[in-house]
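One letter stands for each residue in the lines below.
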Amino acid sequence: MVMSLAMLLEVLINVRRCNHVARRATYETSEKRILPPSSSCRQMSSASQQSSEGIQKKEAEEHLEIYESLPTIKLDKNLLPLVPQPTDSPYDPLNYPNWLKYVILLQVALIAFVSNFNVAVINPAVVPMSAEFGIRPVIGTYQTAAAIGSGALGPLIFTPFANVYGRRSCYLIAVFIGFITAVASALSHSYAGLIVVRAINGFGPSASYGLGAGTVVDLFYMHQRGRAMGLFTLMQTSGAHLAPIVGGYVARSLGWRWCFWVGATLNGSLFLISLFALPETIFDRPENSPPYNNHPTGTSEEIYLPPAFQWRIFADRLWFWDRHKPKSRRVKRSDFFFKPLGMLKYPSVLFPVILLGVTYGFASIEPALILATLFTQLYNFDTVQNGLANGITLLLGAALGELCSGPVTDWMIQRARKKAVNKGDIPPAELRLQGIWTGAITVPAGLLMYGFTVHFRTSGKFIPPCIGMALACFGIQIITSVCYSYSCGDCYRSRSNDVSQCFNFFRQLFGMTLGFYSLQFGEKIGFELSFTVFALICIVVFLPIVALMFKGKSGGKCWEIRTVRATFCIYLSSHHVLHWFFKDAVVLYYITHNSSPHGVLVDVYILACRMTMQF
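Residues numbered from 1 in each chain as written. Predicted model: local features only at pLDDT ≥ 70, side-chain atom pairs only at ≥ 80, totals over all residues. Heavy atoms only, no water.

(A) Looking closely at the side chain of Arg225. Within the secondary structure, Arg225 is located in helix α11 (residues 225-254). Excluding its chain neighbours within four sequence positions, the residues that come into contact with Arg225 are Val83, Pro84, Val216, Val217, Phe220, Gly230, Asp410, Ser485, Gly489 and Arg493. (Helix = DSSP H or I, 4+ residues; strand = E, 2+ residues; numbered from the N terminus. Contact = heavy atoms within 4.5 Å.)

(B) Spatial organisation of helix α20 (residues 496-525). Taking 1.5 Å per residue as the helical rise, α20 with its 30 residues ought to reach 44 Å, and the 41 Å between its terminal C-alpha atoms agrees with that figure. At Gly515, α20 shows its maximal kink, close to 45 degrees. One or two steps after α20, the chain reaches Gly526, where phi turns positive at roughly 100 degrees. (Expected span 1.5 Å × (residues − 1). Bend = angle between axes of the 7 residues up to and from the residue.)

(C) Spotlight on the packing of helix α15 (residues 347-379) against helix α16 (residues 383-403). At their nearest, the axes of α15 and α16 sit 9 Å apart, and the two run at 155 degrees to each other. With respect to α16, the element α15 is oriented roughly antiparallel. The crossing of α15 and α16 is right-handed. Along the contact surface, α15 presents Ala363, Ser364, Pro367, Ala368, Leu371, Ala372, Phe375 and Thr376, while α16 presents Asn386, Ala389, Asn390 and Leu394. Residue composition of the contact of α15 with α16, by class: eight nonpolar, four polar and no charged. (Axes fitted to C-alpha atoms, helices over the stretch in contact; angles between N-to-C directions. Parallel < 35°, antiparallel > 145°, perpendicular 65-115°, else oblique. Left-handed = near helix turned anticlockwise from the far one by under 90°. Nonpolar A, V, L, I, M, F, W, Y, C, P; charged D, E, K, R; others polar.)

(D) Looking closely at the nonpolar core. Counting residues in each nonpolar core, the largest one holds 120 residues, and the members touching the most others are Val358, Phe362, Leu374, Phe375, Ile436 and Ile545. For this core, the element with the highest residue contribution is α15, accounting for 19 residues. Among all residues touching Phe362, those that are not within four sequence positions of it are Pro367, Leu447, Phe510, Leu514, Tyr517, Phe534, Ile537 and Cys538. (Core = buried A, V, L, I, M, F, W, Y, C linked by side-chain atoms within 4.5 Å. Buried < 20%, exposed > 50% of the residue type's maximum accessible area, 1.4 Å probe, protein only.)

(E) Here's a closer look at the pattern of salt bridges. This model, assessed by the stated rule, comprises nine salt bridges. The residue Arg317 makes a salt bridge to Asp322 at a minimum N-O spacing of 3.4 Å. As far as the burial class goes, Arg317 and Asp322 line up, both buried. We note a salt bridge from Arg329 to Asp322, for which the minimum N-O separation is 2.7 Å. Like Asp322, Arg329 is buried. Look at the salt bridges and you will find they share partners, linking Asp284, Arg317, Asp322 and Arg329 into a network. (Salt bridge = Lys/Arg side-chain N within 4 Å of Asp/Glu carboxyl O.)

(F) Quick look at the environment of Ile545. Along the chain, Ile545 turns up in helix α21 (residues 527-562). Taking relative accessible area as the criterion, Ile545 reaches 0% and is therefore assigned buried. Through-space distance from the C-alpha of Ile545 to that of Ala440 is 9.9 Å; in sequence the pair is 105 residues apart. Apart from residues no more than four positions distant in its own chain, Ile545 is found in contact with Phe351, Pro352, Leu355, Leu433 and Ile436.

(G) Seen up close, helix α6 (residues 142-150). With nine of nine residues buried, α6 is to be regarded as a mostly interior element. Turning to α6, its buried residues are Tyr142, Gln143, Thr144, Ala145, Ala146, Ala147, Ile148, Gly149 and Ser150.

(H) A look at empty space enclosed by the protein. In this structure the tally under the stated criterion is nine cavities of 30 Å³ or more. Quantified by volume, the largest cavity comes out at close to 170 Å³. Taken together, 14 residues line the largest cavity, and the ones lying closest to its centre are Asn116, Val119, Ile148, Ala240 and Ile365. Elements with a minimum of two residues in the lining of the largest cavity: α3 (98-120), α6 and α15. (1 Å grid on protein atoms, 1.4 Å probe; cavity = no way out; pocket = protein on both sides within 12 Å on 5 of 7 lines; lining within 4 Å. Points joined across faces, edges and corners; volume = space filled by probe spheres on them.)

So, in structure tokens, the structure goes:
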């Protein structure tokens, strides 16, 4: 009896085992067949082994699909995540070889250099030019002010087209306009005609002011932008600094008209170079690109090797327009003024814009406008001496300032990246603002030194004022590089062109007004007091930057949105102060000259100020 029960139990166990093997055999991927229950146990064992291998193969394929679906974080040679993450496309400018990136950067920087060169090359020859047209030297500077003011509008017109059809076409058109208008300036026979042509000359080439920062963002990673943006801003500002040196010698040897012929030669040469060596850099980066911070566990990482450079790709990017423009890219009316200037609602844009516009105007544009007139009266300088005094001091200060801005802030960002990588985060953008302190101190110090030494005519004659100008320009180069890198490259990379337009608009518009009142204002109250006022204004507009250093990251967007109204009130208050300084200078001009050839411009400016206050 016991034996019978044991045999029956063994049979039941074997049957259950065979049924289990048969059920597992249904998952075979090769033949999808089920072994019959009457098969032998040996056949069941073989089928079980084959089905087990099929299941493992299927599971491996599923794991591979899941692994491939996870984003791959691309690292640099220091094993740090690249920001932004590049694509694998050979058309991606981030994949261009470094030598090509810097060739493009050099051409863009030279276009910006020549743009400012066109504006400032005539400054040391204002006195002989005014004598030929029979006007006072102060009025002779208005043609430069017209070029500066129209430069505020150029990027607002060109940039929307560049964002749709490509940056290359706008660069070429801008340089060509610079060439044509420089020739027309050299051939002008009336001062009214010269002002009109100079306004167009400032409008056309100024496209590089708004596009340059966007091109830097197209080509370089976050940790490389400080040096690249510094090189661009150095070349941009150096155009106005080197132009007086060249213009002074050319005007003394060949006459003031040849100052414009030199500008035409530079524009024409640069147009030919860019026509064959400046490729397109605009690229539609996917919005769902892999994240570089806070990535989930299991995300793969790899040291990124860009695809090999192909001359075929380079030639394809030399078309006049972007051949790979998607249909979603279209020009809208709101893109021309409202969209770019709408970025001023963010303090991380508005505060740096006001700081750069005010300090750049007082430290760079103002000396270029009044130095020739002032030094001719005080020190009996000729065109060459005015050019050397203006050009060498500003050029030296800008070059030294760049050495203390771009590379230093890049080093700060790189060090912060190494500390933040273990936390799965990226360093805050406000870290770059820590490099602005040197500029914020040296600009007011240089302005005070310039004003006091000019007023009291120190024993060193022109040397102390020149040192003051160099010190102020040293600081403005630091401020320019840091502000552009912070707002354009770190905070709003996707809208870097719009932010760059805000910088250019306020800087050019503020600088245009200086020629109308700065010299008269100093003559009325004394240059030591006028430059003290300028220095105090620079200090006041720097205070909001301090708030950004400590509140920009902690508050984020919410802090920005909550403080939009307060920020706009600060802007209007500063504009109101400058308006009353300007209005006082206008009254002085009416009293001293009994006529006002620029009265229409003055009335329009004051009306715009009052409309802004009401708004």
